[in-house]
Amino acid sequence: MNDVLARRTLEEPASEQAIEDLHGILDQLWNDAAFVPALDQMAFATAVIEAASNVVQHGVPAEGATLLLGVELTVSAERLRAVISEIGAEAMDPVPDLDPPPAEVFPEDGTLPHEDESGRGLFMIRALVTTVTVEREGDTNIWVLSRDSGGA
Amino acid sequence: MEFSTEDKGSYTEVSATGRLNMVAAPRLREIVGDVVSAGGKRIVVNLAGTSFMDSSGLGALIGCLKLARQSGGDLRIAAAQPQVTMVLELTSMHRVLTPHRTPEEAFAGE
């Protein structure tokens, strides 16, 4: 059963406002797909925001282009899927490490972990969804996140 | 996200209401920085109204914890909601930033 039961999209300049708007369409998606268990909603939304924030913070616009964030969220009976596009962007260099090491464990010597969140964000995405891929198509970098959900 | 700070006598409470994401994270650093600059040693971040936290928000909390400790103080968190707890546990950061049930309990008995 891969019929799409709920769908929301967004496309706008990659900015802080786009992240706030994305939170808004995630809320709307769950209104339309209330059958999705709370844990799946929470995990998927967190991964989607991490990937979109990565676009806003690290995306590099191609010469003469305005960097856009495109998002398509779909819910089917057993799967949550997000296509997150970095439109009008230079190719990612380096390509994000989608199999990062486990989050650092609190060191025994009492020092605190690094504040750097980009590695931690990628680790979270990987841990919160079932599959994640990043591809290049034309002038667009495309993240595809999917999470199996036992909702319906 | 809305922030407010309140002097509770034995500690300063910083309440964060809304989403602690890449937009709000720098503001949390500023606010906690101001508390530390003003001599605040014990800080409790009340997360009762924080519906969402991402890695930027988590990075800001860790940065604030470092800042507080560097000045001889400490920072603790309280009333974490389910999504925040999920992020803390997923990243093992609950070992560094252990959520207390209420702000009052964060420094109780010290």
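Because the structure is a prediction, the values reported are computed rather than measured.

Trainee: Would you explain the sheet that holds strand β3 (residues 79-87) of chain A in this entry?
Mentor: Residue and element names in this part refer to chain A. As summarised here, the arrangement of the 5 strands in space is β1-β2-β3-β5-β4, forming an open sheet in which the pairing is antiparallel. Because the sheet does not close on itself, it has two edges, and the strands there are β1 (4-13) and β4 (131-137). If you compare each strand with its neighbour and ignore which way they point, the axes differ by 10° on average. Relative to strand β5 (residues 140-148), β3 runs antiparallel, the two sharing 9 bridges. Paired with R81 across the strands is S146, a residue of β5. Strands in contact with helix α1 (residues 16-32) are β1, β2 (68-76) and β3; relative to β1, the strand with the most contacts, it is inclined by about 170°. In the packing of helix α2 (residues 38-58) onto the sheet, contacts are made with β2, β3 and β5, and the angle to β5 comes to roughly 170°.

Trainee: Is there a simple way to think about the packing of aromatic side chains in this case?
Mentor: Between two aromatic rings, the relevant description is the distance of the centres plus the angle of the planes. Residue and element names in this part refer to chain A. The final tally for this structure, using the stated rule, is 1 aromatic pair over all chains. Residues W30 and F44 carry aromatic rings whose centres are separated by 6.1 Å and whose planes lie at 75° to one another, so their mutual orientation is edge-to-face. Of this pair, W30 sits in helix α1 while F44 sits in helix α2, and the two are 14 residues apart along the sequence. Each member of the pair, W30 as well as F44, is classed as buried.

Cut-offs used in this document
Residues numbered from 1 in each chain as written. Chains lettered and ligands numbered in written order. Predicted model: local features only at pLDDT ≥ 70, side-chain atom pairs only at ≥ 80, totals over all residues. Heavy atoms only, no water. Pairing = 2+ DSSP bridges. Helix = DSSP H or I, 4+ residues; strand = E, 2+ residues; numbered from the N terminus. Axes fitted to C-alpha atoms, helices over the stretch in contact; angles between N-to-C directions. Contact = heavy atoms within 4.5 Å. Phe/Tyr/Trp six-rings, centres within 6.5 Å; stacked < 30°, edge-to-face > 60°. Buried < 20%, exposed > 50% of the residue type's maximum accessible area, 1.4 Å probe, protein only.

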